[in-house]
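Topology and contacts: notes
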Amino acid sequence: MAEDETGRDFTSAEDPRFSALDERLREARQAEALRTGQGAPNADAGYSLGNRVLAALIGSLVGSALIGWCIDRWFGTTPWALIVMLFLGIAVAFRQIIRIAGERPE
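Residues numbered from 1 in each chain as written. Predicted model: local features only at pLDDT ≥ 70, side-chain atom pairs only at ≥ 80, totals over all residues. Heavy atoms only, no water.

A few points about the overall build of the chain
Summing up its helical and strand segments, the chain has three helices and zero strands in all. Taking all 106 residues of the chain together, 11% fall into the buried category. Across the chain, the fraction of contacts at a sequence separation of at least 24, relative to all contacts at a separation of at least 6, is 49%. Counting every atom, the chain has about 9,100 Å² of accessible surface; 63% of that belongs to carbon and sulfur. (Helix = DSSP H or I, 4+ residues; strand = E, 2+ residues; numbered from the N terminus. Buried < 20%, exposed > 50% of the residue type's maximum accessible area, 1.4 Å probe, protein only. Contact = heavy atoms within 4.5 Å. Areas by Shrake-Rupley, 256 points an atom, 1.4 Å probe, with all protein chains shown as cover.)

If you want it as structure tokens, here you go:
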């Protein structure tokens, strides 16, 4: 019991006003964090990583296929440059995906 002997133990009693104040403060902090852009910093991290992997895969394959097709048109080696460049594009895409997956999250 407290030293003032008033009969109230302030350490064990939960004041509803303090609970309501804590809840309002928590909501205000969350709203301020969302407003300033600090709320849920890793919410879109997986989505962003997926987009980077997809862009690396599609970009490498389309770019290498386009280069291979152009080489085939210029030199008349119809399927071979395209096939070789597609394999090189696949290798570059996997290398980029491994590099992206190995990066440390922010």
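Side note on the side chain of S60
Residue placement: S60 occurs in helix α2 (residues 45-75). Judged by its relative accessible area of 11%, S60 falls in the buried class. Here the side chain of S60 touches A56 through a polar contact of 2.9 Å, landing on its backbone oxygen. The residues contacting S60, other than those within four sequence positions of it, are A55, G89, V92, A93 and Q96. (Polar contact = N/O pair within 3.5 Å; in protein donor to acceptor, adjacent residues only side chain to side chain.)

A look at the pattern of salt bridges
For the structure shown, the criterion picks out four salt bridges. Between R35 and E32 there is a salt bridge whose closest N-O contact spans 2.7 Å. Here E32 and R35 lie together in helix α1 (residues 16-36), a separation of three residues that amounts to about one turn. According to the relative accessible area criterion, R35 is exposed, its value standing at 61%. Judged by relative accessible area, which is 37%, E32 ranks as partly exposed. Two residues, R99 and E103, come together in a salt bridge whose shortest N-O distance is 3.7 Å. When its relative accessible area of 37% is taken as the criterion, E103 is described as partly exposed. Connected via shared salt-bridge partners are R52, R99 and E103. (Salt bridge = Lys/Arg side-chain N within 4 Å of Asp/Glu carboxyl O.)

Let's talk about a nonpolar patch on the surface
On the surface, W80, I83, F87, I90 and F94 cluster together into a nonpolar patch covering about 560 Å² of accessible area. Along the chain, the position of W80 falls in helix α3 (residues 80-101). Among the residues examined, W80 registers a relative accessible area of 59% and is labelled exposed. (Patch = residues over 30% accessible without salt bridge, like charges linked within 9 Å, V, L, I, M, F, W, Y side chains within 5 Å.)

Some points on the UniProt feature "transmembrane region" (unreviewed entry) in the chain
Those residues carrying the UniProt feature "transmembrane region" (unreviewed entry) are residues 53-74 and 80-98 in this numbering. Along residues 53-74 the backbone is 100% helical and 0% strand, and the end-to-end C-alpha distance reaches 32 Å. (UniProt positions renumbered as here; feature names shortened; annotations may be inferred.)

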